[in-house]
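# An overview of the molecular structure
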Amino acid sequence: MLLDTASLYFRAYFGVPDSVKAPDGTPVNAVRGLLDFIDRLVKDHRPDELVACMDADWRPKWRVELIPSYKAHRVAEEHEAGPDEEEVPDTLAPQVPVIEAVLDALGIARVGVAGYEADDVIGTFTARAKSPVDIVTGDRDLYQLVDDARGVRVLYPLKGVGTLQLTDEAWLREKYGVDGRGYADLALLRGDPSDGLPGVPGIGEKTAAKLLAEFGDLAGIMAAVDDPGAKLTPTQRKRLDEARPYVSVAPTVVRVADDVPLPEVDTTLPRAPRDPATLEGLAERWGLGGSLQRLLTTLAT
């Protein structure tokens with residue numbers, strides 16, 4: 001089981017009231033909410049391995065160089081030397097180091113790699129997996145990894161993590177008319193305002209799905225632009241032709257990496273905390289109470 005950790009703690013932050021606080025009054029709603037999420041996921045799905053995948057760089061420069069608008073609207077402050085600073089609610093940002101410390105003390109593998117997003121870490125773990133993979137994320141970008149033959153599915157939270165949409169190829173075909181590999185091409189053509197991806201003007205989701213059904217993949221669609229006999233409307237042909245500069249670089253931006261240099265890490269689901277003393281101190285300092293105790297009980301059993 002691979003967790004898109006930031007996606008989940010953002011959901012926890014907005015789903016758990018900020019009246020959930022540490023003894024000193026600091027909000028810990030994201031911390032406790034994420035612990036509750038992990039507890040429910042482990043209870044319901046019993047993974048053998050669990051990795052909390054992290055954004056070491058939420059907006060990698062190699063993506064921005066290709067499409068400068070990539071996530072540009074979410075930048076709080078640009079940095080030449082390191083990752084840009086993302087706009088994060090004032091009471092969430094201080095909770096992230098607490099989340100990281102608690103995961104480390106529990107012994108839950110936590111992996112982020114410089115220059116890459118959590119999506120890329122997830123993509124690489126998925127590519128290397130020798131057994132079925134469940135990806136837990138509120139980000140539809142990762143639908144591109146769904147692969148029935150390899151047992152890769154996305155668990156997409158609809159309400160907390162108690163109600164999850166189990167996304168497999170049948171679900172993708174019914175909803176979007178594509179499989180996992182096709183979803184990346186669909187997203188590229190349609191665009192995604194939340195990530196600053198412009199898409200091809202005039203090519204919405206339904207048109208993109210029809211084009212992919214007709215021509216197979218992005219390469220097939222662009223080959224059809226050059227084929228006078230291909231079934232494209234004059235407007236579609238013109239718009240796709242004009243979008244060639246975007247289409248030539250967008251696949252590198254949209255597709256998650258599968259070759260990230262992952263560190264050696266024990267991904268086994270822990271039965272007991274790695275560092276009980278540190279965990280006890282964190283529990284007391286931040287008032288983690290029942291959320292942590294429930295997860296510890298679930299891990300032990």
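Everything discussed here concerns the structure shown above.
The structure reproduced in this document is the subject of the present report. Computed from a predicted structure; not experimentally measured. (Residues numbered from 1 in each chain as written. Predicted model: local features only at pLDDT ≥ 70, side-chain atom pairs only at ≥ 80, totals over all residues. Heavy atoms only, no water.)

Our next topic: helix H4 (residues 95-106). Helix length check: H4, at 12 residues, gives a terminal C-alpha distance of 17 Å against a target of 16 Å (1.5 Å per residue), a fit within 8%. All of the buried residues along H4 are Gln-95, Val-96, Val-98, Ile-99, Val-102, Leu-103, Ala-105 and Leu-106. The elements touched by buried residues of H4 are helix H1 (5-15), helix H2 (29-45), strand E2 (51-53), strand E5 (109-111), helix H12 (276-286) and helix H13 (289-300). Within two residues after H4, Gly-107 carries a phi angle of roughly 95°, on the positive side. (Helix = DSSP H or I, 4+ residues; strand = E, 2+ residues; numbered from the N terminus. Expected span 1.5 Å × (residues − 1). Buried < 20%, exposed > 50% of the residue type's maximum accessible area, 1.4 Å probe, protein only. Contact = heavy atoms within 4.5 Å.)

Time to look at the sheet that holds E2. If you trace the six strands from one edge of the open sheet to the other, you get E5-E2-E1-E6-E7-E8, paired in mixed fashion. With one partner strand each, in any of the chains shown, E5 and strand E8 (163-167) form the two edges of the open sheet. Strand-to-strand twist across the sheet, computed as the mean angle between neighbouring axes with direction ignored, equals 25°. Summarising the sheet, E2 and E5 pair through three bridges and their orientation is parallel. What sits directly across from Cys-53, in E5, is Val-111. Its contacts with the sheet put H1 on strand E1 (2-4), E2, strand E6 (133-136) and strand E7 (152-159), and the angle it makes with E1 is roughly 55°. (Pairing = 2+ DSSP bridges. Axes fitted to C-alpha atoms, helices over the stretch in contact; angles between N-to-C directions.)

Going through the model one piece at a time under the given rule, you end up with 19 salt bridges. In this structure, Arg-294 and Asp-36 form a salt bridge, with 3.2 Å as the shortest nitrogen-oxygen distance. Highlighted residues: Arg-294 in helix H13 and Asp-36 in helix H2, separated in sequence by 258 residues. We classify Asp-36 as partly exposed; its relative accessible area is 28%. Notably, a salt bridge pairs Glu-117 with Lys-71, separated by 2.7 Å at the nearest N-O pair. One end of the pair, Glu-117, is in the loop between E5 and helix H5 (118-128); the other, Lys-71, is in the loop between helix H3 (61-64) and strand E3 (75-77), and 46 residues separate them in sequence. The burial state of Glu-117 is the same as that of Lys-71; both residues are buried. When salt bridges with common partners are traced through the structure, they connect Arg-63, Lys-71, Glu-117 and Asp-120 into a single cluster. (Salt bridge = Lys/Arg side-chain N within 4 Å of Asp/Glu carboxyl O.)

Note that all results are geometric; they support no functional claim without further evidence.
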